[in-house]
Amino acid sequence: THVAVVVGLGGEPEHAETFRRWAGSLVDHANARLDIPKERILYLLDDPQQDAQRATGKATKDAIQKGLQAIGSSANPDDVVFIVLIGHGTWDGKAAKFNLPGPDMSAADFPAALKGFRTKNVIFVNTASASGPFVEALEGHARVIVTATRSGAEQFATLFGGYFIDALAS
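Residues numbered from 1 in each chain as written. Predicted model: local features only at pLDDT ≥ 70, side-chain atom pairs only at ≥ 80, totals over all residues. Heavy atoms only, no water.

This part is about the sheet that holds strand β7 (residues 105–106). Taken in spatial order, the three strands make up an open sheet running β5-β6-β7, and their pairing is antiparallel. Since the sheet does not close on itself, it has two edges, and those belong to β5 (89–91) and β7, each with one partner. Note that strand β6 (residues 96–98) and β7 share two bridges and pair antiparallel. The residue of β7 that forms the bridge with K97 is S106. (Pairing = 2+ DSSP bridges. Helix = DSSP H or I, 4+ residues; strand = E, 2+ residues; numbered from the N terminus.)

This is the structure:
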């Protein structure tokens, strides 16, 4: 199993702290309880200094694309790749985006990032607002896509990530 946890922009300080707490819990669970080696966990944050012990880099579009490419090239066909986005999303009526420092990543950017994956087992979870359009953009054989909203128009901060990670960890 390979895990990628990406924490995008938090907006308000309390959201940023909540997102980091959720992500840290998920990373700890993956490593300690599921025995996933640290070298198979990609943990990118909007500000890696806020969780320097666990973070592997800054959550930028380029770092996400490179990190997913590295996971895709190292994952075997029967491996499971679990990708979780935690943060805020936006929708302009045409495109859904995950908010990052620098350029955001749109739903349409992720299929290209996953294109080189040899594994046939991908679980993609977007806990952000306006995440619904990621389902259609990422659907494919042996993929599980989970989003916090049904459409891009749902742009309020979501609590889904916390409940999802708590349920997964328990």
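Here the focus is the packing of aromatic side chains. Counted by the stated rule, this structure contains five aromatic pairs. Seen from their ring centres, F110 and F124 are 5.2 Å apart, and the 70 degrees between their planes marks the pair as edge-to-face. In this pair, F110 sits in helix α3 (residues 109–114) while F124 sits in strand β8 (residues 121–126), placing the two residues 14 residues apart along the sequence. Judged by its relative accessible area of 0%, F110 is buried. On the numbers, 6.3 Å between centres and 20 degrees between planes, the contact of F124 with F134 is stacked. Within this pair, whereas F124 is found in strand β8, its partner F134 is found in helix α4 (residues 133–138), the two being separated by ten residues in sequence. A single burial state applies to F124 and to F134, both of which are buried. By the ring-pair criterion, three or more aromatic residues cluster together here, those being F110, F124 and F134. (Phe/Tyr/Trp six-rings, centres within 6.5 Å; stacked < 30°, edge-to-face > 60°. Buried < 20%, exposed > 50% of the residue type's maximum accessible area, 1.4 Å probe, protein only.)

Pairing of β8 with strand β9 (residues 143–147), which is carried by five bridges, proceeds in the parallel orientation. Counted as the bridge partner of N126 is T147 from β9. Handedness of the β8-α4-β9 crossover: right-handed. (Right-handed = clockwise from strand over helix to strand, strands pointing away.)

Turning to the sheet that holds β9, a few remarks are in order. Strand order across the open sheet formed by six strands is β3-β2-β1-β4-β8-β9, with parallel pairing between neighbours. Single-partner strands in this sheet number two, and they are β3 (57–58) and β9. Summarising the sheet, strand β1 (residues 2–7) and strand β2 (residues 41–45) pair through five bridges and their orientation is parallel. Directly across from V6, in β2, lies its bridge partner L44. Helix α1 (residues 13–33) contacts β1, β2 and β4 (80–86) of the sheet and is inclined by roughly 170 degrees relative to β2. Against the sheet, helix α5 (residues 160–169) contacts β4, β8 and β9, and its axis sits at roughly 145 degrees relative to β4. (Contact = heavy atoms within 4.5 Å. Axes fitted to C-alpha atoms, helices over the stretch in contact; angles between N-to-C directions.)

What follows covers α5. An α-helical turn contains 3.6 residues, so any two residues separated by three or four positions project in the same direction. Inspection of α5 places G161, G162, F164, I165 and A169 among the buried residues, and these make up the whole buried set. Buried residues in α5, looked at end-on, bunch into an arc of 165 degrees, giving them a common side. Turned more than 90 degrees from where α5 packs its buried face, Y163, D166 and A167 sit exposed. As for α5, its buried residues are in contact with α1, β4 and β8. (Arc of directions from axis to C-beta.)

For side chains bearing opposite charge, pairing can occur when the charged atoms are close. Considering all chains together, one arrives at six salt bridges under this definition. A salt bridge links E17 to R20; its shortest N-O distance comes to 3.2 Å. In this pair, E17 and R20 are both assigned in helix α1, three residues apart and thus about one turn of the helix distant. The exposure class assigned to R20 is buried, which follows from its relative accessible area of 13%. (Salt bridge = Lys/Arg side-chain N within 4 Å of Asp/Glu carboxyl O.)

Here the focus is the side chain of T119. With respect to the helices and strands, the residue T119 is situated in the loop between α3 and β8. Relative accessible area serves as the criterion here: at 8%, T119 is assigned to the buried category. A distance of 3.1 Å separates the side chain of T119 from the backbone nitrogen of N121, its partner in a polar contact. Apart from residues no more than four positions distant in its own chain, T119 is found in contact with A75, N76, P77, D78, D79, V80 and V81. (Polar contact = N/O pair within 3.5 Å; in protein donor to acceptor, adjacent residues only side chain to side chain.)

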